[in-house]
Amino acid sequence: MKAGTTPTTATAGVTGSQLGAPVRAGATGPRNRSTFGRFVSDTLTMTRRNVLYLVRRPQVIVFALISPIMFVSLFNFVFGGSLDVPGLSYANYLIPGIMVQTVMFGGSNTAVGLAEDMTRGVIDRFRSLPMSRLAVLSGRTMADAMRGIITNSVIIVMGFVIGFRFNNGFGWAVASFLLVLLFGYSITWFYAWMGLSLGNVEAVQAASFLPAFPLTFAASTFAPVENMPGWLQVFSAHQPVTQVVDATRAMMQGGEIAGPLVRSLLWCAGIMLVFGFLSVRQYRKG
Amino acid sequence: MIEADQVVKHFGDVHALNGITLSVDEGEIFGLLGPNGAGKTTLVRILATLLKPTSGRCTLGGIDPHRDPMAVRALIGLAGQNAAVDDLLTGRENLEIVGRLYQLDRAEARRRADDILERLSLTDAADRQVRTYSGGMRRRIDLGASLVGRPRILILDEPTTGLDPRTRNELWQLIRDLVSDGATVLLTTQYLEEADELADRLAVIDLGHIIAEGTPDELKERLGGDRLMASPTEPDDMARVVSILEQVGATAPYVDDRRQQASIPVTNRIEALLAAGQLFENEQIALRDLAVTRPSLDDVFLSITGKRAETDEPEPAAAGRKGRRR
Ligand SMILES: Nc1ncnc2c1ncn2[C@@H]1O[C@H](COP(=O)(O)OP(=O)(O)O)[C@@H](O)[C@H]1O
Ligand SMILES: [Mg+2]
């Protein structure tokens, strides 16, 4: 009777997974972890490594802060008076946009960091270790998401200086912050794929800003989409940045949340799945 | 412990490996000697699970690196050609992170890092960022990282390229010590002297082919064993030197005009040396040098390939080239 059924043992799920087979218990006795356990532990280790890099290169964070501060000031004082945003002060309109723009541009660090690792041969060391392959990438994206916490906090402080306020309660304020981080995390997977595919630091530096410009400017980031020409609206209204900015803004200031929030979450999931898959494939190719 | 059978690797038109077959025994230091571009790194990368061969098979400890890469990774330690260490981390952090990636717990990773730092004489520099290290220290910490997993097979790709002679000697001593632990070592080098110093057995690789294989002594033997070498103080005496060498050796002497020396293969080194000394004494020829030498691996390489082993070191400018480095 039993011989005919397919037993669902733990090993059946593990073999053939993208994370590789478990370590053989050798004479030296590394702990025999499950594939998932190893993925989690290696991700934490790699996150620590990349955070140490961030901490020891504070210039990177400083520059990551200068541009949003500059953008907040420029847009608020240059366009703030002339841009017509319905029902909100321009500071309240602008800050969610700047936050999303910052995680978008900040993702280029992921691409550059991975390309750097590739050219310095450190990746070869990681590839030759009995570690989870996905962890090299997830540790990198995790550390970069942590940088997002710092930069976005600074933007909010900066926002308070120019008159930004949360007007929709504490719960939604926290949720809006988390949504920006989630979007930032998803987008690092796109940049991880870019960094691994181009492989060369200079090329990555040059290329990484290209997608960020149209996506953040042709969106509801700085001005309402309705004021754009019709052909551009078709793109602007449907692309992910507009969804995330609209959802964030509504969570911070009130307004219709459900629609843009669901679309934002779908975009995040989609981006992570597609580019997570492409990145891992690219990483395995070498 | 390491077997390669007809391993071929093509990168498009570039035929990096053209059928490499070799076998390394357990506990042995095996040298892979070849000039730049010979295919050493390509073979290393294939064995270390980083690259798939175009065709052919290899196994490490009986495991195929492309069937079961994780098992091979648990078996090997790799120190690649470029010291693959994190510059902004300290030496200790570098080793600890590798230890954690071997699934060691925090305390054990720390213990092994301390232990290795001690063995590499890096304890004093352990908490400095690696970017402050000298070239030799970087190589050592990289070597250290390859030891964290207590590998049964150690793969070292040009471990001393670019180091000064003193540092190189220190690293050789270190590698010898490490091997006394019983690990099997595959070591690539473009330095003949290095292969001679370290390897129990070696293969000479050029243009993706193995062109010779054996112990360093066996390879030298192929050149006819010992040679008696003499160089006169006065260049004009060369003809007389040659005629004396002819009397003690079996074949015609070889004259190297550039280095002003003549040499001849001999079968009994002591007898030949004493006889020649007597003859030079009788003939009153002043000598700069008189010696019995074994051919160097340099000579071996020259005789097999018809060219000198290239190294990364810059050639002296052609105009100022007097005595070339030997
Ligand atoms: N990824 C690659 N793509 C194309 N050619 C390569 C690649 N890697 C190595 N080669 C070529 O293969 C040959 C062998 O290179 P390599 O194994 O690095 O030699 P070595 O390590 O002995 O100096 C060289 O001609 C090199 O240019
Ligand atoms: Mg090489």
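Basis of the calculations
- Residues numbered from 1 in each chain as written.
- Chains lettered and ligands numbered in written order.
- Predicted model: local features only at pLDDT ≥ 70, side-chain atom pairs only at ≥ 80, totals over all residues.
- Heavy atoms only, no water.
- Near = heavy atom within 4 Å.
- Polar contact = N/O pair within 3.5 Å; in protein donor to acceptor, adjacent residues only side chain to side chain.
- Areas by Shrake-Rupley, 256 points an atom, 1.4 Å probe, with all protein chains shown as cover.
- Helix = DSSP H or I, 4+ residues; strand = E, 2+ residues; numbered from the N terminus.
- Buried < 20%, exposed > 50% of the residue type's maximum accessible area, 1.4 Å probe, protein only.
- Patch = residues over 30% accessible without salt bridge, like charges linked within 9 Å, V, L, I, M, F, W, Y side chains within 5 Å.
- Salt bridge = Lys/Arg side-chain N within 4 Å of Asp/Glu carboxyl O.
- Donors = N, O, S within 2.8 Å, 3.2 Å for Na, K, Ca; no water.
- Contact = heavy atoms within 4.5 Å.
- Phe/Tyr/Trp six-rings, centres within 6.5 Å; stacked < 30°, edge-to-face > 60°.
- Lys NZ or Arg CZ within 6 Å of the ring centre and 35° of its normal.
- Domains from an automatic or database assignment.

**Things to note about the site of ligand 1**
Residue and element names in this part refer to chain B.
- In the vicinity of ligand 1, the contacting residues are Phe11, Val14, Ala16, Pro35, Asn36, Gly37, Ala38, Gly39, Lys40, Thr41 and Thr42.
- A distance of 2.6 Å separates an oxygen atom of ligand 1 from a polar side-chain atom of Thr41.
- For ligand 1, the accessible surface in isolation is 560 Å², of which the surrounding protein chains cover 61%.
- Of the residues forming the shell around ligand 1, the biggest block, three residues, is contributed by helix α1 (residues 40-47).

**Description of the side chain of Gln243(A)**
- Relative to the helices and strands, Gln243(A) resides in helix α12 (residues 240-253).
- On the accessibility criterion, Gln243(A) (5% relative accessible area) is buried.

**Here we look at a nonpolar patch on the surface**
- On the surface, Val62(A), Phe63(A), Ile66(A), Met70(A), Leu74(A), Val78(A) and Phe79(A) cluster together into a nonpolar patch covering about 660 Å² of accessible area.
- Tracing the sequence through the fold places Val78(A) in helix α3 (residues 58-79).

**Thoughts on the coordination of the magnesium ion (ligand 2)**
Residues and elements named next belong to chain B.
- Bound to the magnesium ion (ligand 2) are the protein donor atoms Thr41 (OG1) and Gln81 (OE1), situated 1.9 to 2.2 Å from the metal. Of this pair, Thr41 sits in helix α1 while Gln81 sits in the loop between β5 (76-79) and α3 (91-101); the two residues are 40 residues apart in sequence, bridging distant segments of the chain.
- Overall, Thr41 belongs to the partly exposed group, its relative accessible area being 25%.

**Things to note about the environment of Met46(A)**
- Mapped onto the elements, Met46(A) comes out in helix α2 (residues 35-56).
- In this structure, the C-alpha to C-alpha distance between Met46(A) and Arg57(A), residues eleven residues apart in sequence, is 17 Å.
- Not counting residues within four places of it along the chain, the set of residues in contact with Met46(A) comprises Phe126(A), Met131(A), Ala135(A), Val136(A), Gly139(A) and Leu101(B).

**Concerning the packing of aromatic side chains**
All names here are of chain A.
- This structure, assessed with the given rule, holds 19 aromatic pairs over all chains.
- On the numbers, 4.0 Å between centres and 10° between planes, the contact of Phe75 with Phe222 is stacked. Within this pair, whereas Phe75 is found in helix α3, its partner Phe222 is found in the loop between α10 (212-217) and α11 (230-238), the two being separated by 147 residues in sequence. In terms of burial, Phe75 and Phe222 fall into one category: buried.
- Stacked on the ring of Tyr283, the Lys or Arg Arg127 has its end atom at 4.7 Å from the ring centre.
- Looking at Arg249, its charged tip hangs above the ring of Tyr93, at a distance of 3.4 Å from the centre.

**Quick notes on the domain arrangement of chain B**
- Each domain of chain B was delimited in the assignment, giving domain 1 (2-220) and domain 2 (226-293).
- Computed over C-alpha atoms only, the centres of domain 1 of chain B and domain 2 of chain B are separated by 43 Å.

**Observations concerning the pattern of salt bridges**
- Inspection of the entire model under this criterion finds 27 salt bridges over all chains.
- Where Arg147(A) meets Asp144(A), a salt bridge forms, and the shortest distance between an N and an O atom there is 3.1 Å. Of this pair, Arg147(A) and Asp144(A) both sit in helix α7 (residues 133-162), three residues apart, roughly one helical turn.
- With a relative accessible area of 7%, Asp144(A) lands in the buried category.
- The network of salt bridges with common partners includes Arg49(A), Asp117(A), Arg120(A), Arg140(A) and Asp86(B).

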